[in-house]
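What follows is each chain in one-letter form.
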Amino acid sequence: MNKRKINSRITGFFKKNVEERQKLMKELCNLSSDELQCLKDSTSILDKAGHGHYIENTIGVMQIPLGIATNFTINKKDYLIPMAVEEASVVAAATNSAKVARESGGFFTSNTAPIMIGQIQLTDIPDPFNARNKLLEKEKEIIEIANLQDPILLKFGGGCKGIMVKVLPDTPQGAMVILELLVDVRDAMGANAVNTMNESVSILAQEITGGKALLRIISNLADKRIVRARAIFKKDDLATKEFRGEEVVDGILKAYAFAEADPYRCATHNKGIMNGIDAVALATAQDWRAIEAGAHTYAATKIPEKYSSLTTWEKNNTGDLVGTIELPLAVGLVGGVARIHPIAQISFKILNLSIPGGALELAEIMAAVGLAQNFGALRALATVGIQTGHMKLHARNLAASLGAKGEMIEKILSLVEERNLKVTFDNIKEIYEELK
Ligand code: MEV
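Residues numbered from 1 in each chain as written. Predicted model: local features only at pLDDT ≥ 70, side-chain atom pairs only at ≥ 80, totals over all residues. Heavy atoms only, no water.

1. Focus: the overall build of the protein chain
For step 1, the next point in the chain: Check the secondary structure of the protein chain and you find 16 helices and 10 strands.
For step 2, the next point in the chain: Considering the protein chain as a whole, with its 436 residues, one finds that 44% of them fall into the buried category.
For step 3, the next point in the chain: Taking the intrachain contacts of the protein chain between residues at least 6 apart in sequence as the baseline, contacts between residues at least 24 apart amount to 70%.
For step 4, the next point in the chain: As presented, the protein chain carries roughly 22700 Å² of accessible surface, and 54% of it is formed by carbon and sulfur atoms.
For step 5, the next point in the chain: Taking the 51 positively charged and 51 negatively charged side chains of the protein chain as two groups, their mean positions are separated by 3 Å. (Helix = DSSP H or I, 4+ residues; strand = E, 2+ residues; numbered from the N terminus. Buried < 20%, exposed > 50% of the residue type's maximum accessible area, 1.4 Å probe, protein only. Contact = heavy atoms within 4.5 Å. Areas by Shrake-Rupley, 256 points an atom, 1.4 Å probe, with all protein chains shown as cover. Lys, Arg positive; Asp, Glu negative; His and termini not counted. Charge placed at Lys NZ, Arg CZ, Asp CG, Glu CD.)

2. A closer look at the sheet that holds strand β5 (residues 159-171)
For step 1, the next point in the chain: Spatially, 4 strands are ordered β5-β6-β4-β7 in an open sheet, and the strand pairing comes out antiparallel. The sheet is open, and its two edges are formed by β5 and β7 (212-219), each paired on a single side. For this sheet, the mean angle separating the axes of adjacent strands, direction not counted, is 20 degrees.
For step 2, the next point in the chain: Taken together, the 6 bridges between strand β4 (residues 115-123) and β7 define a ladder with antiparallel strand orientation. (Pairing = 2+ DSSP bridges. Axes fitted to C-alpha atoms, helices over the stretch in contact; angles between N-to-C directions.)

3. Re the sheet that holds strand β8 (residues 226-233)
Pairing between the strands of a sheet is mediated by backbone hydrogen bonds and can be parallel or antiparallel.
For step 1, the next point in the chain: With antiparallel pairing, the 4 strands of this open sheet are ordered in space as β3-β8-β10-β9. Of all the strands in the sheet, the pair left with one neighbour each is β3 (108-111) and β9 (311-315). Strand-to-strand twist of the sheet, defined as the mean angle between neighbouring strand axes without regard to direction, takes the value 15 degrees.

4. Here we look at the nonpolar core
For step 1, the next point in the chain: In terms of nonpolar packing, the biggest core is built from 61 residues, with Phe-72, Ile-81, Met-83, Phe-107, Phe-233, Trp-313 and Leu-327 touching the most fellow members.
For step 2, the next point in the chain: Of all the elements, helix α13 (residues 358-381) adds the most residues to this core, at 12 residues.
For step 3, the next point in the chain: Setting aside residues no more than four positions away along its own chain, Ile-81 makes contact with Gly-67, Ile-68, Ala-69, Phe-72, Ile-74, Val-280, Leu-351, Ile-365 and Val-369. (Core = buried A, V, L, I, M, F, W, Y, C linked by side-chain atoms within 4.5 Å.)

5. Notes on empty space enclosed by the protein
It is the rolling of a water-molecule-sized probe over the atoms that shows where space remains empty.
For step 1, the next point in the chain: A complete count under the given rule lists 1 cavity of 30 Å³ or more for this structure.
For step 2, the next point in the chain: Each pocket or cavity is described by its volume, and for the largest cavity that value is around 40 Å³.
For step 3, the next point in the chain: Lining the largest cavity, in full, are Met-116, Asn-220, Ala-222, Ala-290, Ile-291, Gly-294, Ala-295, Pro-328 and Ala-330.
For step 4, the next point in the chain: Per-element accounting of the lining of the largest cavity gives the leading share, 4 residues, to helix α11 (residues 288-301).
For step 5, the next point in the chain: Grouping the constituent residues of the lining of the largest cavity by class yields 7 nonpolar, 2 polar and no charged. (1 Å grid on protein atoms, 1.4 Å probe; cavity = no way out; pocket = protein on both sides within 12 Å on 5 of 7 lines; lining within 4 Å. Points joined across faces, edges and corners; volume = space filled by probe spheres on them. Nonpolar A, V, L, I, M, F, W, Y, C, P; charged D, E, K, R; others polar.)

6. A look at the state of the cysteines
For step 1, the next point in the chain: In total, this model carries 0 disulfides according to the counting rule given.
For step 2, the next point in the chain: Note on Cys-29: no disulfide assigned, nearest cysteine sulfur contributed by Cys-38 at a separation of 15 Å.
For step 3, the next point in the chain: The class of Cys-38 is exposed, set by a relative accessible area of 53%. (Disulfide = S-S within 2.5 Å.)

7. Some words on unusual backbone geometry
For step 1, the next point in the chain: Here Ile-355 and Pro-356 are connected by a cis peptide whose omega angle stands at 0 degrees.
For step 2, the next point in the chain: We note that Asn-30 has phi near 55 degrees; this positive angle belongs to a residue other than glycine.
For step 3, the next point in the chain: Secondary-structure assignment places Asn-30 in the loop between α1 (18-29) and α2 (33-42).
For step 4, the next point in the chain: Residue classification places Asn-30 among the exposed positions, given a relative accessible area of 59%.
For step 5, the next point in the chain: The phi dihedral of Asn-57 falls on the positive side, at around 65 degrees, and the residue is not glycine.
For step 6, the next point in the chain: Relative to the helices and strands, Asn-57 resides in the loop between α3 (44-48) and β1 (66-74).

8. A look at the domain arrangement of the protein chain
For step 1, the next point in the chain: Taken domain by domain, the protein chain holds domain 1 (1-63), domain 2 (66-112 + 225-385), domain 3 (115-218) and domain 4 (388-435).
For step 2, the next point in the chain: If you average the C-alpha positions of domain 2 and of domain 3, the two centres end up 33 Å apart.
For step 3, the next point in the chain: Listed per partner, the contact involves 13 residues of domain 2 and 7 residues of domain 3.
For step 4, the next point in the chain: Note on domain 2 versus domain 3: buried area summed over both sides is about 760 Å², and carbon and sulfur give 55% of it.
For step 5, the next point in the chain: Area buried by domain 2 at its contact with domain 3 is led by Arg-225, Ala-330 and Val-334, which between them contribute 54% of it.
For step 6, the next point in the chain: Joining domain 2 to domain 3, the criterion identifies 7 residue pairs in polar contact (both at pLDDT 80 or more).
For step 7, the next point in the chain: Per-class residue counts for the side of domain 2 that touches domain 3 are 8 nonpolar, 3 polar and 2 charged. (Domains from an automatic or database assignment. Buried area = accessible area lost by both parts, 1.4 Å probe. Polar contact = N/O pair within 3.5 Å; in protein donor to acceptor, adjacent residues only side chain to side chain.)

9. Examining the site of the ligand
For step 1, the next point in the chain: Looking at the ligand, the residues that line it are Glu-87, Arg-265, Thr-268, His-269, Lys-271, Gly-272, Asn-275, Ala-377, Leu-381 and Ile-386.
For step 2, the next point in the chain: Lys-271 places a polar side-chain atom, nitrogen or oxygen, 2.7 Å from an oxygen atom of the ligand.
For step 3, the next point in the chain: Protein contacts shield 88% of the accessible area of the ligand, which totals 300 Å² for the unbound molecule.
For step 4, the next point in the chain: In this structure, the ligand is accommodated by the second largest pocket.
For step 5, the next point in the chain: Per-element tally for the shell around the ligand: the top contributor is helix α10 (residues 263-283), with 6 residues.
For step 6, the next point in the chain: Looking at the shell around the ligand residue by residue, the class counts come to 3 nonpolar, 4 polar and 3 charged. (Near = heavy atom within 4 Å. Sits in = over half its atoms within 2 Å of the grid points.)

10. Side note on the pairing of β9
Along any regular strand, the residues point their side chains to alternate faces of the sheet.
For step 1, the next point in the chain: Relative to strand β10 (residues 321-328), β9 is paired through 5 bridges, and the arrangement is antiparallel. If you follow Lys-315 over to β10, its bridge partner there is Leu-321.
For step 2, the next point in the chain: Once β9 ends, the chain turns through 5 residues before running back antiparallel as β10, passing Gly-319 with a positive phi of about 85 degrees.

11. Quick notes on the packing of helix α6 (residues 139-148) against helix α8 (residues 191-209)
For step 1, the next point in the chain: Close contact between α6 and α8 brings their axes to 8 Å; oriented N to C, the two are set at 150 degrees. Taken together, the axes of α6 and α8 are roughly antiparallel relative to one another. Every pair of crossing elements has a handedness; the one defined by α6 and α8 is right-handed. On α8, the residues that touch Glu-141, Ile-142, Ile-145, Ala-146 and Asn-147 of α6 are Met-197, Ser-200, Val-201, Leu-204 and Ile-208. (Parallel < 35°, antiparallel > 145°, perpendicular 65-115°, else oblique. Left-handed = near helix turned anticlockwise from the far one by under 90°.)

The structure is reproduced here in structure tokens:
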């Protein structure tokens, strides 16, 4: 293949408008006219909003399918849950799992207050423990200054509620004092509010300690902003042609034990949970990197020296499967992109969320989806394996990519099964040609 050479030094790329950048990219990267049109079409959703959210150097919008997970009952209320994800089986798994949980009342949730932690790193302090105490003595003053920054948050009952101070006595750069603000961010994700407070307080913190305030930034280990969900999956509803309900329950318990005993498995186990949580996060334009960072660090720190499952699985006295999930979820309805992205706005409407309190409700919904997703993955893994379901969906996508629609897709799928064929592009194409 002829390797194309490009020069990535482009002066003033950021000054061009989207259309000019698209044109330039066409020239530089040999994009076809169809490809250029594809980029142009992709931005229409943000253009339509009239206040499109563009990042620096935008040339298009990366689109990901938006699906709806049905069957969810959470705290005795039904929800239709928007999920944006490129992996074909995720929405189907959440939907099927929610159907089983529904048989025993669905998901039940709880949360802590939406408290985020802001960190101020204080360096060059010869007497760090003394400085720690001095900061704690001035807690009231520190809170007052922090709260001057956000009168609206205060009006809604949020704001800085307290401080914590810790000494890191032995870093490679010597001792450091870390002042932490505990900020109730109400319906916001909170990064902006907390970072502004951090910066305003840092001057006073320097004066109190005589040190130098270096980093002033929110912590994504949001372990004071926890949500929980639980559900029962009845053994009788887990039976299949090949497996008894008891066998499925025991298989899932063994799968869970594997995750708790081995971080290599646990990473994948938790990834499966995040498949669902991230998909809701994306559909509602949340900062999913913050969510991921928080979830995995929580999994790594809730039990010291151990990377653990975000879920637990047990068998109750009737032999049914009981699942729980607990994790930090920093999600918001106000501020950020969520407030302006047209699809996020539609997602909020579908979820029927409102302010105040909508952010906590969203976090609880996400926890329920994470639990459902984990159940779906473990049930498949502990029985037929995940490839059967994946491959069916993959075959559907391959057929659709060839132009097959509706009934034709179903016919192709049943012939693949009937003939016991491998799901490959060539096999699907051959059947498609035959049926056409
Ligand atoms: C795939 O995206 C997710 C799973 O690997 C999760 C798991 O193994 O538990 C199926």
